[in-house]
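Next come the chains, spelled out residue by residue.
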Amino acid sequence: MWRIIRPDAVEVLYNAKARASLSHYFSVMENKKPAKFMVSRAIEVEKIEGLDLEELWKLHEEKMKEFKEAEERAPLIKLKEKTPNLLDLKVEIAKKLMESCILCEHRCKVNRMAGQRGICKAGKELVVSSMFDHYGEEAELVPSFTVFTLGCSFKCLHCQNYSISQWLEKGEEMTPEEVAESVDQARRNGSRNLNCVGGNPDQYLYSWLRVFSKLKENIPIVWNSNAYYSYEQSLLLDGVVDLYLLDFKYGN
């Protein structure tokens, strides 16, 4: 059905310019290369437990060098997940950042792990409005398995998802395992990617990283954000996100 509604989503598969500019994304989508989160899960980390934040960041810097070296030469079929791994390390760092939250540039520094809430009003776990195959995105993405989470670091009056971003809906709190199961099923049914959006995904980085750690299927990760995330978050997104879809809202 989507091929009838969005014939451009079929045509783009044969567009040389699109394939050249988004070569990594197309390769993962067609299962010719592993998604970045799968490579991160194959980078072994000797020890995570008991390290403070500064030590974790130093270890992260070292392991990201290994990631960069492994990314291009890692064939999908030979990847073996290690425990603990680079993605586990990212999860642990994100957890510590949540204890004095600086995931976005508001830098509220509330302890979200203890139940405190900042400007985005998000708690510890994902609160989902809906998830489904979206046919209204860019042609390269359709069909895009889109997960809309509640809350946002902005309060734009013109937001097309205002009821989601400003918590006018109740939503449903979901575990990483529940979300990952739905994503895996969508991928098996033909979804081209996992589209993390909302609202905004940035405030849920800790949960999203745990979702990625539970995924079984090779699927490109699309980070559909307002781009107001912190430098620290950008370091953690590197090595798991395959395609950034950033909505720049304001400018001169």
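Residues numbered from 1 in each chain as written. Predicted model: local features only at pLDDT ≥ 70, side-chain atom pairs only at ≥ 80, totals over all residues. Heavy atoms only, no water.

Enquirer: What should I look at first to understand the packing of helix α7 (residues 86-98) against helix α10 (residues 205-214) in this one?
Expert: Axis angle and axis distance: for two packed helices, these are the angle between their axes and the distance between the axes, and together they describe the pair. Running from N to C, α7 and α10 point in directions that differ by 160 degrees, and their axes come no closer than 9 Å. Classed by the angle they form, the pair α7 and α10 counts as roughly antiparallel. In this structure, α7 meets α10 at a crossing whose hand is left-handed. Residue-level inspection shows L87, K90, V91, A94, K95 and M98 of α7 in contact with α10, the latter providing L205, Y206, L209, R210, F212 and S213. The residue makeup of the contact of α7 with α10, split by class, is 8 nonpolar, 1 polar and 3 charged. (Axes fitted to C-alpha atoms, helices over the stretch in contact; angles between N-to-C directions. Helix = DSSP H or I, 4+ residues; strand = E, 2+ residues; numbered from the N terminus. Parallel < 35°, antiparallel > 145°, perpendicular 65-115°, else oblique. Left-handed = near helix turned anticlockwise from the far one by under 90°. Contact = heavy atoms within 4.5 Å. Nonpolar A, V, L, I, M, F, W, Y, C, P; charged D, E, K, R; others polar.)

Enquirer: Whenever I open this one, the pattern of salt bridges confuses me. Can you help?
Expert: When the charged atoms of two side chains lie near each other, side chains of opposite charge can form a pair. The full count for this structure, using the stated rule, is 13 salt bridges. Residue E30 is joined to K32 by a salt bridge in which the shortest nitrogen-to-oxygen separation is 3.2 Å. A relative accessible area of 59% places K32 in the exposed class. Shared partners join several salt bridges into a network, and the residues in it are R19, E30 and K32. (Salt bridge = Lys/Arg side-chain N within 4 Å of Asp/Glu carboxyl O. Buried < 20%, exposed > 50% of the residue type's maximum accessible area, 1.4 Å probe, protein only.)

Enquirer: Just checking my understanding: could you explain empty space enclosed by the protein for this structure?
Expert: Once rolled over the atoms, a probe with the size of a water molecule shows which space is left empty. Inspection of the entire model under this criterion finds 1 cavity of 30 Å³ or more. Estimates place the volume of the largest cavity at around 110 Å³. Lining the largest cavity are 14 residues, and of these C101, C104, C108, R112 and C120 lie nearest its centre. When the residues that make up the lining of the largest cavity are grouped by side-chain class, the tally is 8 nonpolar, 4 polar and 2 charged. (1 Å grid on protein atoms, 1.4 Å probe; cavity = no way out; pocket = protein on both sides within 12 Å on 5 of 7 lines; lining within 4 Å. Points joined across faces, edges and corners; volume = space filled by probe spheres on them.)

Enquirer: Just to check I follow, could you spell out the packing of aromatic side chains for this structure?
Expert: Note on aromatic pairs: each is described by the distance of the centres and the angle between the planes. This model, assessed by the stated rule, comprises 5 aromatic pairs. Here W208 and F212 contribute two aromatic rings whose centre-to-centre distance is 6.0 Å and whose plane-to-plane angle is 25 degrees, an arrangement assigned as stacked. On the criterion of helical spacing, the pair formed by W208 and F212 is a turn pair, its members being 4 residues apart in helix α10. We note that W208, like F212, is buried. An aromatic cluster is defined as three or more aromatic residues linked by ring pairs; in this entry it consists of F37, W208 and F212. (Phe/Tyr/Trp six-rings, centres within 6.5 Å; stacked < 30°, edge-to-face > 60°.)

Enquirer: Teacher, can you tell me more about the side chain of E137 here?
Expert: Structurally, the position occupied by E137 is in the loop between β1 (126-134) and β2 (144-149). Nearest to the buried, unbridged E137 among oppositely charged side chains is R6, at 7.5 Å. A distance of 3.4 Å separates polar atoms of two side chains, one belonging to E137 and the other to N224. Residues contacting E137, with those up to four places away along its chain left out, are R6, V142, S144, N195, N224 and L245. (Lys, Arg positive; Asp, Glu negative; His and termini not counted. Polar contact = N/O pair within 3.5 Å; in protein donor to acceptor, adjacent residues only side chain to side chain.)

Enquirer: I keep staring at the sheet that holds β1 and nothing clicks. Help me out?
Expert: For sheets, the rule is that strands pair by backbone hydrogen bonds, running either parallel or antiparallel. Taken together, the 6 strands give an open sheet; going across it, the order is β3-β1-β2-β4-β5-β6, and neighbouring strands pair in mixed fashion. The open sheet has two edge strands, β3 (172-174) and β6 (243-246), and neither has a second partner. With direction set aside, neighbouring strand axes in the sheet form an average angle of 35 degrees. Strand direction decides the pairing type here: β1 and β3, joined by 3 bridges, are antiparallel. Residue pairing across strands places V128 opposite E172, the latter belonging to β3. This element, helix α9 (residues 176-188), spans β1, β2, β3 and β4 (193-198) of the sheet and lies at about 90 degrees to β3. (Pairing = 2+ DSSP bridges.)

Note that every value here comes from positions in space, so none of it alone points to a role or purpose.
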